[in-house]
Amino acid sequence: MQRLLLPTLKALTGSPCVRLLGPRAAPKVQHGCSFRIRCPLRPGQYSTISEVALQSGRSTVPLPSKAAERVVGRWLLICSGTVAGAVILGGVTRLTESGLSMVDWHLIKEMKPPTSQEEWEAEFQKYQQFPEFKILNHDMTLAEFKFIWYMEYSHRMWGRLVGLAYVLPAAYFWRKGWLNRGLKGRVLALCGLVCFQGLLGWYMVKSGLEEKPDSHDIPRVSQYRLAAHLGSALVLYCASLWTSLSLLLPQHKLVETHQLLRLRRFAHGTAGLVFFTALSGAFVAGLDAGLVYNSFPKMGESWIPEDLLTFSPILKNVFENPTMVQFDHRILGISSVTAITVLYFLSRRIPLPRRTRMAVATLLALAYTQVGLGISTLLLYVPTPLAATHQSGSLALLSVALWLMNELRRVPK
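Calculation rules
Residues numbered from 1 in each chain as written. Predicted model: local features only at pLDDT ≥ 70, side-chain atom pairs only at ≥ 80, totals over all residues. Heavy atoms only, no water. Helix = DSSP H or I, 4+ residues; strand = E, 2+ residues; numbered from the N terminus. Contact = heavy atoms within 4.5 Å. Phe/Tyr/Trp six-rings, centres within 6.5 Å; stacked < 30°, edge-to-face > 60°. Buried < 20%, exposed > 50% of the residue type's maximum accessible area, 1.4 Å probe, protein only. Lys NZ or Arg CZ within 6 Å of the ring centre and 35° of its normal. Core = buried A, V, L, I, M, F, W, Y, C linked by side-chain atoms within 4.5 Å. Polar contact = N/O pair within 3.5 Å; in protein donor to acceptor, adjacent residues only side chain to side chain. Salt bridge = Lys/Arg side-chain N within 4 Å of Asp/Glu carboxyl O. Axes fitted to C-alpha atoms, helices over the stretch in contact; angles between N-to-C directions. Parallel < 35°, antiparallel > 145°, perpendicular 65-115°, else oblique. Left-handed = near helix turned anticlockwise from the far one by under 90°. Expected span 1.5 Å × (residues − 1). Patch = residues over 30% accessible without salt bridge, like charges linked within 9 Å, V, L, I, M, F, W, Y side chains within 5 Å. Areas by Shrake-Rupley, 256 points an atom, 1.4 Å probe, with all protein chains shown as cover.

Is there a simple way to explain the side chain of Ser244 in this structure?
Mapped onto the secondary structure, Ser244 falls in helix α8 (residues 223-248). Excluding residues that lie within four positions of it along the chain, Ser244 makes contacts with Gly73, Leu76 and Leu77.

Here it is in structure tokens:
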């Protein structure tokens, strides 16, 4: 980790390493070269983008060198780590039922927590005006309220840290000219998605603060908004990690065969399946569907429970019936581990680089570990530490799937 972060920190603080980020001086024109013809560049002197720009006569545009690309790649790797931390902390916040403890949202004002007894009592009184306290936590003490408040406060403050981790370095790199046109578009999209993620989080929380006179269920946020909030976080994480890996890992020049093409397509489909399995977990969490049938492999006494399609219309069961939601999550999880197993055996038939084989083996090991964590979480009635580990495992599985996709990506001609 120190080896990854040290060059980035040195570059940001203006150390002598920054001088390495500019392109090296062009080689002197040797005797016999024409005045109008540029001599060939030494291999590795410029990035591929820079070489193309120079050969096409656009040498006046400052372009990032290989060293600059490595710094940007490490920065995005750190950003993806902060997003992963936000997802994990958000999952713990949901598991401890702390998400509705802060009943308003202010970008700057709420950064300062209550410090006196009077301020804490005022904050507690605001919480008492909303359905979660009236229906579920009406006997809660101030000390118990402080715990759930600090959980939500930590999640929100971490979200602000994520925003700063994206926006401030992005502005610095942009000004220094270390981002080419393609990277500028990606970085703008990532920063915009970070801001959208914060707004979507508050939109989700508001759904749990609304009075619902016709409902006898315990107050909770909308599972649709929760899934949207998690989904956008996963998209942000995947996009950041993919860009980082593309910049940091040297690309393999694999021989394009029919078997490799089939493996690449299957890897993409498997990664998509892992993504949707993780996303379906948001509906499980939003509806507390993990507490419905705590048995495996059967659900209760049968393989297909009787209350699977009790809601009308039928499509409503997929997103609002806890039994159906848990059933879908099981099916997606089993499908994911099956696809990863098939992917592993397909990869054994093709001569692949050592790093690529390591990615496939890691993906297989994580898949079966994740299945074990999921079953244990279910059988033990969703204990918070185990459930949080299971949620973290889905991120790890998604990360390795992206790593494998990056290993198999096509080398442009």
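Any chance you could explain the packing of aromatic side chains here in plain terms?
Counted by the stated rule, this structure contains 20 aromatic pairs. Aromatic pair Phe275 and Phe276: ring centres 5.7 Å apart, planes at 90°, arrangement edge-to-face. A relative accessible area of 17% means that Phe275 is categorised as buried. Between Tyr344 and Phe345, the aromatic rings sit 5.5 Å apart at their centres with planes inclined by 75°, giving edge-to-face as the arrangement. Among the residues examined, Phe345 registers a relative accessible area of 52% and is labelled exposed. Here the aromatic residues Trp120, Phe124, Tyr127, Phe133, Phe145, Trp149, Tyr150 and Tyr153 are joined through ring pairs into a cluster of three or more. Of note, Arg225 hangs over the ring of Tyr203, and the distance from its end group to the ring centre comes to 3.7 Å.

Help me understand the nonpolar core, please; the structure alone is not making it clear to me.
Soluble globular proteins tend to pack their nonpolar side chains together in the buried interior. Core analysis: the biggest nonpolar cluster contains 87 residues, and Phe145 and Tyr166 have the highest contact counts within it. In terms of residue count, helix α9 (residues 258-286) provides more of this core than any other element does, 12 residues in total. Apart from residues no more than four positions distant in its own chain, Phe145 is found in contact with Ser101, Trp120, Glu123, Phe124, Tyr127 and Met140. By size, the runner-up hydrophobic cluster in this structure holds 5 residues, among which are Tyr293, Met299, Leu308 and Met324.

What am I meant to see in the environment of Asn294 here?
Inspection of the secondary structure puts Asn294 in the loop between α9 and α10 (316-320). Relative accessible area serves as the criterion here: at 15%, Asn294 is assigned to the buried category. In sequence terms Asn294 and Leu380 are 86 residues apart; their C-alpha atoms lie 7.5 Å from each other. With near-sequence residues (within four places) excluded, Asn294 lies in contact with Leu378, Leu379 and Tyr381. A distance of 2.9 Å separates a polar side-chain atom of Asn294 from the backbone oxygen of Gly290. A polar contact is formed between the side chain of Asn294 and the backbone oxygen of Leu378, at a distance of 2.7 Å.

Please clarify how the pattern of salt bridges should be interpreted in this entry.
A side chain with one charge may pair with a side chain of the opposite charge, provided their charged atoms come close. Here the structure, examined in full by the defined rule, presents 13 salt bridges. A salt bridge links Arg156 to Glu152; the shortest N-O distance between them is 2.9 Å. On the criterion of helical spacing, the pair formed by Arg156 and Glu152 is a turn pair, its members being 4 residues apart in helix α6 (residues 142-176). We note that Arg156, like Glu152, is buried.

Explain the packing of α8 against helix α13 (residues 384-407) here, please?
In a packed pair of helices, the relevant descriptors are the angle between the two axes and the axis-to-axis distance. Running from amino to carboxyl end, α8 crosses α13 at an angle of 40°, the nearest separation of the two axes being 10 Å. Taken together, the axes of α8 and α13 lie oblique to each other. The crossing of α8 and α13 is right-handed. Facing Leu234, Tyr237, Cys238, Leu241, Trp242, Leu245 and Ser246 of α8, the residues of α13 in contact are Leu395, Leu398, Ser399, Leu402, Trp403, Met405 and Asn406.

Looking at this structure, how should I read α13?
Every α-helix winds through 3.6 residues per turn, so residues three or four apart in the chain are directed the same way. Helix length check: α13, at 24 residues, gives a terminal C-alpha distance of 35 Å against a target of 34 Å (1.5 Å per residue), a fit within 8%. Counting buried residues along α13, 17 of its 24 residues qualify, which places the element largely inside the surrounding structure.

It is not clear to me how the side chain of Ser232 should be interpreted in this structure. Could you clarify?
By secondary structure assignment, the location of Ser232 is in helix α8. Here Ser232 falls in the buried class, since its relative accessible area comes to 9%. If we skip the residues at most four places from it in the chain, Ser232 touches Leu193, Phe196, Gln197 and Leu200.

How should a nonpolar patch on the surface be read in this particular structure?
On the surface, a nonpolar cluster with roughly 500 Å² of combined accessible area is contributed by Trp105, Leu107, Ile108, Met111 and Leu199. Classification of Leu107 as partly exposed rests on a relative accessible area of 48%.

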